[in-house]
Amino acid sequence: MEAIYAFCVGLLTTCGFFLVLRGRTFTVVIGLTLLSYAVNLFLFASGRLKINAAAVLGQSAEYTDPLPQALVLTAIVIGFAMTAFVVILAMRSRADQGNDHVDGQMPDQPSRISVSDKRSG
């Protein structure tokens, strides 16, 4: 179970970094969201994965640490607020600049010269 959990955290982190490095703002927002999900899973796993264990002391013989659960709940709220802020920022950037590239400039398109044009020029 821990191997699958670690694989999921690694996959979310990898996909998040890949999307953050893209040139469009929407993919950057999705990448930041995936990274926050990966951090939430990592925080949750830091409290050790236990099955059928209560988070409240005194309810059962075996209990889990409630601190990582509280941290994850707080991180979910902060992540939602951050995502809403970045989406509004991206919408404002698109309205002001007319495109949704991260740096605000359209990338240079390579000119498409046919083979016959290369021979003649």
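Above this text is the structure in question.
Note that this is a predicted model, so its numbers are computed, not measured.

Draft legend 1. View of the overall build of the protein chain. A tally of helices and strands in the protein chain yields 4 helices and 0 strands. Starting at the N terminus and ending at the C terminus, the protein chain contains elements arranged as α-α-α-α. In the protein chain, the share of contacts with a sequence separation of at least 24, taken over all contacts with a separation of at least 6, comes to 50%.

Draft legend 2. Up close: the pattern of salt bridges. Throughout the structure, instances matching the rule amount to 2 salt bridges. In this structure, Arg24 engages Asp100 in a salt bridge whose closest nitrogen and oxygen atoms are separated by 2.6 Å. Taken as a pair, Arg24 in the loop between helix H1 (2-20) and helix H2 (25-45) and Asp100 in the loop between helix H3 (66-97) and helix H4 (115-120) lie far apart in primary sequence, 76 residues in all. Of the residues examined, Arg24 reaches a relative accessible area of 40% and is grouped as partly exposed. Among the residues examined, Asp100 registers a relative accessible area of 18% and is labelled buried. Here Asp96 and Arg92 are joined by a salt bridge, their closest N and O atoms 3.0 Å apart. A residue pair is termed a helical-turn pair when its members lie 3 or 4 positions apart in one helix, as Asp96 and Arg92 do in helix H3 at 4 residues. Grouping residues by exposure puts Asp96 and Arg92 together as exposed.

Draft legend 3. Representation of H1 in the model. With 19 residues, H1 extends 27 Å from end C-alpha to end C-alpha; this agrees with the ideal 27 Å at 1.5 Å per step. Considered for burial, the residues of H1 that qualify are Tyr5, Val9, Gly16 and Leu19. End-on view of H1: buried residues confined to an arc of 105 degrees, all on one side of the axis. Summarising the geometry of H1, the exposed residues directed more than 90 degrees from the buried face are Ala3, Ile4, Phe7 and Thr14. Next to the buried residues of H1 lie H2.

Draft legend 4. Molecular detail of the packing of H2 against H3. One can describe the packing of H2 onto H3 by two numbers: an axis separation of 9 Å at closest approach and a directional angle of 175 degrees. By the angle class used here, H2 and H3 are roughly antiparallel. For the pair formed by H2 and H3, the contact residues are Thr25, Val29, Leu32, Thr33, Asn40, Leu43 and Phe44 on the first element and Pro68, Gln69, Leu71, Val72, Ala75, Ile76, Met82, Thr83, Val86, Val87 and Ala90 on the second. Tallied by class, residues from the contact of H2 with H3 come to 13 nonpolar, 5 polar and no charged.

Draft legend 5. A look at the environment of Ala70. Mapped onto the secondary structure, Ala70 falls in helix H3. The exposure class assigned to Ala70 is partly exposed, which follows from its relative accessible area of 38%. Residues Ala70 and Leu43 lie 27 residues apart in sequence; the distance between their C-alpha atoms is 9.8 Å.

Cut-off values and rules
Residue indices begin from 1 for each chain and proceed along its sequence in written order. Where totals are concerned, whole chains, interfaces and linings use all residues; where local detail is concerned, this predicted model gives features only for residues with pLDDT of at least 70, and gives and counts side-chain atom pairs only at 80 or more. Excluding hydrogens and water, the side-chain figures rest on all heavy atoms present in the structure. Where helices and strands are cited, they refer to DSSP runs of H or I of at least four residues and of E of at least two residues respectively, numbered from the N terminus. By the convention used here, residues are in contact when the closest approach between their heavy atoms is within 4.5 Å. Any Lys or Arg side-chain nitrogen found within 4 Å of a carboxyl oxygen on Asp or Glu counts as a salt bridge. Remark: exposure states derive from per-residue accessible area (1.4 Å probe, protein chains only) relative to the maximum for the residue type, with buried under 20%, exposed over 50%, and partly exposed in between. Here the expected span of a helix is defined as 1.5 Å times the quantity of residues minus one. As used here, the arc belongs to the directions running from the helix axis to the C-beta atoms. An axis is simply a line fitted to the C-alpha atoms; with a helix, the fit covers only the stretch in contact. Between two such axes, the angle follows the N-to-C directions and lies from 0 to 180 degrees. Relative orientations are named as follows: roughly parallel for angles under 35 degrees, roughly antiparallel for angles over 145 degrees, roughly perpendicular for angles from 65 to 115 degrees, and oblique for any other angle. Three residue categories are used. Nonpolar comprises Ala, Val, Leu, Ile, Met, Phe, Trp, Tyr, Cys and Pro, charged comprises Asp, Glu, Lys and Arg, and polar comprises the others, including Gly.

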